[in-house]
Amino acid sequence: MPQRVAIVSGAARGIGAAIATRLAADGLRVGVLDLTADHCADTVRTITAAGGQAVALGADVSDEASVAAAVDLLDQELGAPTVVVNNAGITRDNLLFKMSVEDWDAVLGVHLRGAFLLTRAVQGHMIDAGWGRIVNLSSISALGNRGQTNYSAAKAGIQGFTKTLAIELGKFGITANAIAPGFIATDMTAATAERIGIPFEDYQAAAAAEIPVQRVGRPEDIAHTASFLVSEGAGFVSGQVVYVAGGPKN
Ligand code: NAP
């Protein structure tokens, strides 16, 4: 089996860093993509210190030219990517009547346009290889969440995007699946706690009380699921949305 090359967006920290590190531990070479290459240094260092191979890629996923350049650089440095994890994300929460056009466009731009651009840039390599794995980060917010019309629309859009990729690309040996995390303790949820004025510990405790397994999620919980979906043995799992939320969601 060839050594696979993956590209993980938003991999400087949080869930993306955990996924990049896990895929490297699984034996893949990893392109660690975030807004700047400098941002990616910690993740690359963690991977290489553990004996893995990684390269830092600076790109804004919503910018077509910089996405194409990042994929080309990865191809030159570590080989052609046949695994893509669309993880880069932002929140710009507000109630609808206060939601600005800028905040709507920014969120849709990173999550949906970004996933489209990066997947499109990589899919030719997957088709050449006759094998590929696409993993897209959705969210339980896809089911609706107060203050997140932009984010929930993007995360629901990711699910339709993923299912359509599975239909179009299956005949080339490519699977596409989405992971929909529940509450995961990262800078993103810490920023939400700060915005609404609640200490992060209290915010996590309140969330955990509502979760059947009685704890919040960790980036490693999502990395574990991504590892499975990327694995060689998961070739018959496609077009699925896996809720990783400590309990049932639908
Ligand atoms: P995070 O800690 O905020 O990390 C997001 C990463 O994405 C950051 O490194 C950020 O870079 C990068 N990024 C943002 N815009 C980008 C762009 N245009 N191009 C390239 N990189 C960009 O978030 P997280 O909590 O790990 O979330 C990761 C993914 O999981 C997101 O898609 C999020 O929506 C989803 N998710 C998270 C949760 C949760 O509870 N945390 C739940 C459900 C779904 P900077 O550091 O430069 O900002």
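None of these values were measured; they are calculated from a predicted model.

Each value, and the rule that gives it
- The residue numbers shown here count from 1 along each chain, following its written sequence.
- Where totals are concerned, whole chains, interfaces and linings use all residues; where local detail is concerned, this predicted model gives features only for residues with pLDDT of at least 70, and gives and counts side-chain atom pairs only at 80 or more.
- Derived side-chain values reflect all non-hydrogen atoms in the structure, with water molecules and hydrogen atoms excluded from consideration.
- The domain limits used here are those given by an automatic or database domain assignment.
- Here a residue-residue contact requires only that any non-hydrogen atoms of the pair lie within 4.5 Å.
- Accessible area, probed at 1.4 Å, shrinks when two parts are joined; the buried area is that loss added up over both.
- A side-chain nitrogen of Lys or Arg and a carboxyl oxygen of Asp or Glu constitute a salt bridge if their distance falls within 4 Å.
- Here a polar contact is taken to be a pair of N or O atoms separated by no more than 3.5 Å, where protein atoms must pair a possible hydrogen donor with a possible acceptor and residues adjacent in sequence count only if both atoms sit in side chains.
- Runs of E in the DSSP output that reach at least two residues are strands. Runs of H or I that reach at least four are helices, and both are numbered from the N terminus.
- Partly exposed residues are those whose accessible area sits between 20% and 50% of the maximum for their type, while under 20% is buried and over 50% is exposed, using a 1.4 Å probe and protein chains only.
- Seen with its strands pointing away from the viewer, a crossover is right-handed when the path leading from the first strand over the helix to the second is clockwise.
- Nearness is judged by heavy atoms alone; a residue qualifies as near a molecule or strand once a single heavy atom is within 4 Å of it.
- Under the convention used here, a 1.4 Å probe and the Shrake-Rupley method define accessible areas, while residue burial counts only the protein chains that appear.
- In this classification, Asp, Glu, Lys and Arg are treated as charged, Ala, Val, Leu, Ile, Met, Phe, Trp, Tyr, Cys and Pro as nonpolar, and every other residue, Gly included, as polar.

Asks: Mind showing me how you'd approach the domain arrangement of the protein chain here?
Replies: Frequently, the measure chosen for interface size is the accessible area removed from exposure when the parts meet. If you check the domain split of the protein chain, you get domain 1 (5-182 + 219-243) and domain 2 (186-216). Using C-alpha coordinates to define each centre, domain 1 is positioned 24 Å away from domain 2. The partner domain 2 presents five residues to the ten residues of domain 1 that form the contact. For the domain 1 face of the interface with domain 2, the top three residues by lost area are Arg-13, Asp-93 and Asp-221, together amounting to 57%. The interface formed by domain 1 and domain 2 holds three salt bridges in total. Taken together, the links from domain 1 to domain 2 amount to three residue pairs in polar contact (both at pLDDT 80 or more). Looking at the side of domain 1 that touches domain 2, the elements with two or more residues in it are helix H1 (14-25) and helix H8 (219-230).

Asks: What am I meant to see in the environment of Ile-196 here?
Replies: Residue placement: Ile-196 occurs in helix H6 (residues 187-196). C-alpha separation for the pair Ile-196 and Arg-22, spaced 174 residues apart in sequence, amounts to 32 Å.

Asks: Is there a simple way to think about the pairing of strand S5 (residues 132-137) in this case?
Replies: Regular strands place their side chains on alternate faces of the sheet. With six of six residues buried, S5 is to be regarded as a mostly interior element. Burial of the side chains of S5 extends over both faces: Gly-132, Ile-134 and Asn-136 are buried on one face and Arg-133, Val-135 and Leu-137 on the other. In this fold, strand S4 (residues 83-86) hands off to helix H4 (residues 101-129), which returns the chain to S5; that crossover is right-handed. Assessed by its sense of winding, the connection that carries the chain from S5 through helix H5 (residues 149-169) to strand S6 (residues 174-181) is right-handed.

Asks: Sorry if this is basic, but what is going on with the site of the ligand here?
Replies: Taken together, 30 residues surround the ligand, and among them Arg-13, Asp-34, Asn-87, Tyr-151 and Thr-186 come closest. Between the ligand and Ile-15 there is a distance of 2.8 Å, counted from an oxygen atom to a backbone nitrogen or oxygen. Thr-186 is positioned with one of its side-chain polar atoms (N or O) 2.5 Å from an oxygen atom of the ligand. Contact with the protein chains covers 92% of the free accessible surface of the ligand, which is 900 Å². Within the residue set of the shell around the ligand, elements represented by two or more residues are H1, H4, H5 and H6. The dominant element in the shell around the ligand, judged by the number of residues it contributes, is H6, at three residues. Here the shell around the ligand is composed, by residue class, of 14 nonpolar, eleven polar and five charged. Domain assignment of the residues forming the shell around the ligand places at least three in each of domain 1 (5-182 + 219-243) and domain 2 (186-216).

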